[in-house]
Amino acid sequence: MHIPENYLSPSTCAVFGAAMMPVWWMAVKKVKEELPREKISLLGAFASFSFLAMMFNLPLPGGTTGHAVGSVLLSILFGPWAACLAVSLALFVQALFFGDGGLLAFGANAFNMAFLMPFGGALLYRALRSLLPPMAAAGIAAYVGLNLAALMAAIEFGLQPLLFTDGVGHALYAPYPLSISIPAMMVGHLTLFGLAEALFTCGVLAFLARVQPELSEKGTASSRGVWPLIGALIALSPLGLLAAGTAWGEWSPEEIAEQTFSGAPLGYTPTGMEAGFSLEALFPDYALEGLSEPTGYVLSACIGTALLVLLFKVLSSLQPKRADYGTHRSEA
Amino acid sequence: MTNLPDWAMRPENYKATAKRERYLFRSLLHITSLLRTFSALREARRCPISPLAGLISLLAFTLLCCLTHRALFLLALYAPLLLALCFLPAEALGRIFLSAFLVAAASFLLVAPAVFLGGAGLSLLIPLKTLWTLLVLRLYGSLFSWNAITGALARLRIPGLLIFLLDTMLRNLDILARQAGNQLSALRLRSIGADRGGRSLFSLLGTLFLRTQATQEATQEAMVCRGFSGTYPRPLGSSWKRGDVLLLLATLFYVFLFFQKEMPL
C-alpha cells in the first residue's frame, strides 16, 4: 500500500502533505500531554512492530503482494494520536532509508496509514467493545481500518488519470482510473491482507495479554515482553521475500508499460514517472548490495527497528519529568 | 537589645558587575560536570554479556571498521551497534549521541575540502567511522563499570602496568572532577564583590595539582598496605555469560563477511 515516487502528482502530494501538518502538530501535542516518558520510549518499540509488519509481504494470486500495517494495534494500545505519530515515523524511515514509499508521497502514505487507519480503527474499536469481546472488536477494527486505508489509496491512484494527462490523453502519473484501481486494490485487501492485519493485531494483543497484561491498560509498563517478539519478527523478516511479485501500484517505471490491468498492456510509461523526482535510498528494497537478500533483509530490519526505538527514546528524554501522583490509569 | 557590630551596620552598596571570569567559571564547571558523567555512566548494569566478550567483540568490530573501504559494509556494522544502543536508558542515549555527533561533525568538517573537491567516496567514510567508533566506545563504557573493564583487561593478559595506569586514570577522573567542582564553587562564592581576575584559575589549578599529588601518595600507601604488588590477578570464576554466544557469533559473522567482501580468496 506504499505509494511510490511519481505515482501521484506533486500537487496531490502537496495537498496531502498540507493536510497532515495539523494532524502531526496535534499528534505531537497530544503525545506530550498524555503519554508519560516511559510510554513514549515504549511507543518506539511498538513503532518498530509496524515497521516489521510492513516488511512481511503476502502474495496474492495474480502476482501482486500486500502487507499488514499495525496502525490499529498501536491505536488500541496507545491511542490514535500516538499511533499516528509512530506510524508516520515508521513510514518516514522506510521512505528515507529503504525507498519503500516515495518521499514526496510521504504525506499521502501518512494520510492513509497513519491517520485514516488508526483513527477509523480506534473509533470502530470503541464502538464495538461494548458489544463484542475485546479480541473480536480489535480484529474487526483492524480489518476495517486497513481496508479504509486501501480504499483511500485506490482513490488517490484512480484520480490521477482524470486530473493529470498530456496532450494525447496519456496519464502523467498513475495510469489506471477509479474503475480499475478500486477493484484491484480492494480485492486483495478485502480478502487476504485485511485478514492478515486482523490476525496480526489479535495475535500481538493476545501475546501481550499473556506476557504483560498491564500493557493493555494505559499505565506505565516496561518493554520486557516486547523485545523477544521484536527479535522473532526480525529473524523471520526474510519470509517477506517469499512473495515474489510486486504490490499493485508499486511497479517500477520499467515494469508499468507491460501491466495489463486495462485488458491490454499499457504500452507507455507515464511521463511524470520517467522524468520525476527520485532519491537513491541507502538500502533500496531492504537490500544491501553484495549481500544475499535474506541477510540484507535481516540487517535492514535491525537498522529500521533500532532507528525507531532510538528516535523515540531520545524524544522521551527531552520530555520534562512529571511528578507522579499515582493517577496513571486514564479512561480508555 | 543587642548592639550590632560595626560591619553589620554598614549600608550595603553592592552591585553585581559583569565579571570577565564568569564565562570562565561557567566553562570550567561545565567541564567538571562532563567529567563526572564518567562515573554516572559507569554504574554497574545488569548485562547479559560479560565484559570480556564485550571487549573482544569491541576490538574485533573496531578493527573491521577501521580496515573496511566499503561504505555498505560500514553501514552493515551499524546494525548491531544501533540494536545494542536500544537497550540503554533514554537519558544516557541523549548524552552519547550528542557527543558522538559533535565529534563526527567535526571530522566531517576536516574532510569537507576533499568531499567538495571530488573525493567524496572514501573521504565520507571517515566521519562515519568516527561516529561508529565513538558510539561503540560509549556503549561499552555505559554497559560496564571501570573495575569490570580492568578485570576484562587482566583476563586478556594485558601488562599490569598498563592496567594500573588506566585504572588510576579512571578513578582520578571522577575524584579530580569532584574536587575541581567543589573548589570552583567555593571560589565563586568567595568572589562575590571582588574581582580576582584570571589569577584565580592558576591558583585553583595549582591547588588541584597539589591535592592530586597528596591523594595519589595516600592511595599508593593504602594499596601497598593492602598487599597490592603492581599485578592484576585474573578474577576468579567463569567470566562468560549466556549472551556471549550470540555476541561472538555475530562477531564471527562480520569477520567472515569482511573477508568475503574486502579480501575475496
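In this report, we go over the structure that sits alongside the text.

What about the overall build of chain B?
No. 1: Of regular secondary structure, chain B possesses eleven helices and zero strands.
No. 2: Walking chain B from its N terminus toward its C terminus, one meets helices and strands in the order α-α-α-α-α-α-α-α-α-α-α.
No. 3: The contacts in chain B between residues at least 6 apart in sequence include a share of 84% that link residues at least 24 apart.
No. 4: Put simply, chain B shows about 16600 Å² of open surface, and 68% of that area lies on carbon and sulfur atoms.

Considering the interface of chain A and chain B
No. 1: Listed per partner, the contact involves 22 residues of chain A and 19 residues of chain B.
No. 2: Summing both partners gives a buried area of about 1700 Å² for chain A against chain B, and 79% of it is carried by carbon and sulfur.
No. 3: Linking chain A with chain B are zero salt bridges, by the criterion used here.
No. 4: Within the residue set of the side of chain A that touches chain B, elements represented by two or more residues are helix H2 (37-53) and helix H11 (293-318) of chain A.
No. 5: Residue contributions to the side of chain A that touches chain B peak at twelve residues, all from H11(A).

Quick look at the pattern of salt bridges
All names here are of chain A.
No. 1: Tallied over the full model, the rule gives two salt bridges over all chains.
No. 2: Glu33 is the salt-bridge partner of Lys29, the closest N and O atoms lying 3.5 Å from each other. In this pair, Lys29 and Glu33 both sit in helix H1 (residues 10-34), four residues apart, roughly one turn of the helix.
No. 3: Note that Glu34 is salt-bridged to Lys30, the shortest N-O span being 3.9 Å. Residue Glu34 and its partner Lys30 are both found in helix H1; the two are separated by four residues, about one turn of the helix.
No. 4: In this structure Lys30 comes out as partly exposed when scored by relative accessible area, which is 22%.

What about the environment of B:Phe228?
No. 1: As for its placement among the helices and strands, B:Phe228 is situated in the loop between helix H10 (199-225) and helix H11 (243-262).
No. 2: With residues up to four places along the chain from it excluded, the contact list for B:Phe228 reads B:Phe164 and B:Met223.

What counts and how
- Residues numbered from 1 in each chain as written.
- Chains lettered and ligands numbered in written order.
- Predicted model: local features only at pLDDT ≥ 70, side-chain atom pairs only at ≥ 80, totals over all residues.
- Heavy atoms only, no water.
- Helix = DSSP H or I, 4+ residues; strand = E, 2+ residues; numbered from the N terminus.
- Contact = heavy atoms within 4.5 Å.
- Areas by Shrake-Rupley, 256 points an atom, 1.4 Å probe, with all protein chains shown as cover.
- Buried area = accessible area lost by both parts, 1.4 Å probe.
- Salt bridge = Lys/Arg side-chain N within 4 Å of Asp/Glu carboxyl O.
- Buried < 20%, exposed > 50% of the residue type's maximum accessible area, 1.4 Å probe, protein only.

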